Amino acid sequence: EPIQAEGFAKLIGKSQKEFERTYGSPIVSYDSGYGFWINRYQTELTNSYLEVSIQEGKIAAIKTAGIDGPDIAPFQLKMSMGDLAQITMLYPNFTVKNGEEDVSLELMEEDLNYRPLVAFDNGTYGILFFNNDSELIAVAYLTAQMLLKLAPYSVTDGTVAAIQPTTENWEAIDQQKETQGFRLLNILRTNENLPNYDTTYTLQGQSRDFLARFLKKPESYLDGTKLE
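Residues numbered from 1 in each chain as written. Predicted model: local features only at pLDDT ≥ 70, side-chain atom pairs only at ≥ 80, totals over all residues. Heavy atoms only, no water.

(A) Examining the packing of aromatic side chains more closely. Per the stated rule, a full pass over the model turns up eleven aromatic pairs. Aromatic pair phenylalanine 8 and tyrosine 141: ring centres 6.0 Å apart, planes at 65°, arrangement edge-to-face. Separated by 133 residues along the polypeptide, phenylalanine 8 in the segment before helix H1 (16-23) and tyrosine 141 in strand S9 (residues 136-142) bring together distant segments of the chain. Across this residue pair, the class does not change: phenylalanine 8 and tyrosine 141 are buried. On the basis of an interplanar angle of 55° and a centroid distance of 5.9 Å, the ring pair of phenylalanine 214 and tyrosine 221 is categorised as tilted. Classification of tyrosine 221 as partly exposed rests on a relative accessible area of 39%. (Phe/Tyr/Trp six-rings, centres within 6.5 Å; stacked < 30°, edge-to-face > 60°. Helix = DSSP H or I, 4+ residues; strand = E, 2+ residues; numbered from the N terminus. Buried < 20%, exposed > 50% of the residue type's maximum accessible area, 1.4 Å probe, protein only.)

(B) Spotlight on the environment of glutamine 204. Inspection of the secondary structure assignment puts glutamine 204 in helix H6 (residues 201-216). In sequence terms glutamine 204 and tyrosine 91 are 113 residues apart; their C-alpha atoms lie 40 Å from each other. Contact partners of glutamine 204, with chain neighbours within four places excluded, come to Glu178 and Thr199. (Contact = heavy atoms within 4.5 Å.)

(C) Structural detail: the sheet that holds strand S10 (residues 154-157). Taken together, the three strands give an open sheet; going across it, the order is S5-S6-S10, and neighbouring strands pair in antiparallel fashion. Each edge of the open sheet is held by one strand with a lone partner, namely strand S5 (93-98) and S10. Strand-to-strand twist across the sheet, computed as the mean angle between neighbouring axes with direction ignored, equals 40°. Of the strand pairs in this sheet, S5 and strand S6 (residues 101-106) are connected by six bridges, and their pairing is antiparallel. Looking at S6, one finds that threonine 95 is bridged to serine 104. (Pairing = 2+ DSSP bridges. Axes fitted to C-alpha atoms, helices over the stretch in contact; angles between N-to-C directions.)

(D) Up close: the pattern of salt bridges. Taken as a whole, this structure holds six salt bridges when the rule is applied. Put simply, lysine 78 and glutamate 135 hold a salt bridge, and the shortest N to O gap is 3.8 Å. Of this pair, lysine 78 sits in the loop between strand S4 (58-65) and helix H2 (81-85) while glutamate 135 sits in the loop between strand S8 (125-130) and S9, and the two are 57 residues apart along the sequence. Notably, a salt bridge pairs arginine 115 with glutamate 110, separated by 3.2 Å at the nearest N-O pair. (Salt bridge = Lys/Arg side-chain N within 4 Å of Asp/Glu carboxyl O.)

Following this line, the structure appears as structure tokens:
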């Protein structure tokens, strides 16, 4: 039962130029390292986040937090699961086309409670993010190809090719992802009336040291199933 595409859902698959006629040029742009670019755009709303994944000049994903109104219609920030049930039923199983093959996705109970998947009638998908109070706090819109590339849910049938890196220059990319992730985290915390996280060089150094040890010998920290 797909939902009628509105707002950002209608822009998935459109050109970057068409998007920027409304939202302007990106204030941050960097290579994801996996065959698409990540752009962040300025919004008129305080404590909001707008990120777009661009692949071959077209919009493959739009990630939003703190954005409300027509852009995320028919959804609304802070809507409950009960409100969502008035719009659509939530399904634990989806079948997504991957070329000529059908790929089956399964949502676990935690997925359904905190990040359910919905389908739009233009062939795109949305992931709705709920907080511990079951209030909508963010929405991500994706093409079917990007959904399968990111693979946020369990694949129960069909095959999904492992995402392949397209660069070896990870230092600059990791720095950008760290910066944007930290910004997004604090936007979400501010919108939840929580104090911002802060960090120190000492803590960053300790974290990098631990990460280096983990990457060198992950089997020392993970059991068999998680390691696999």
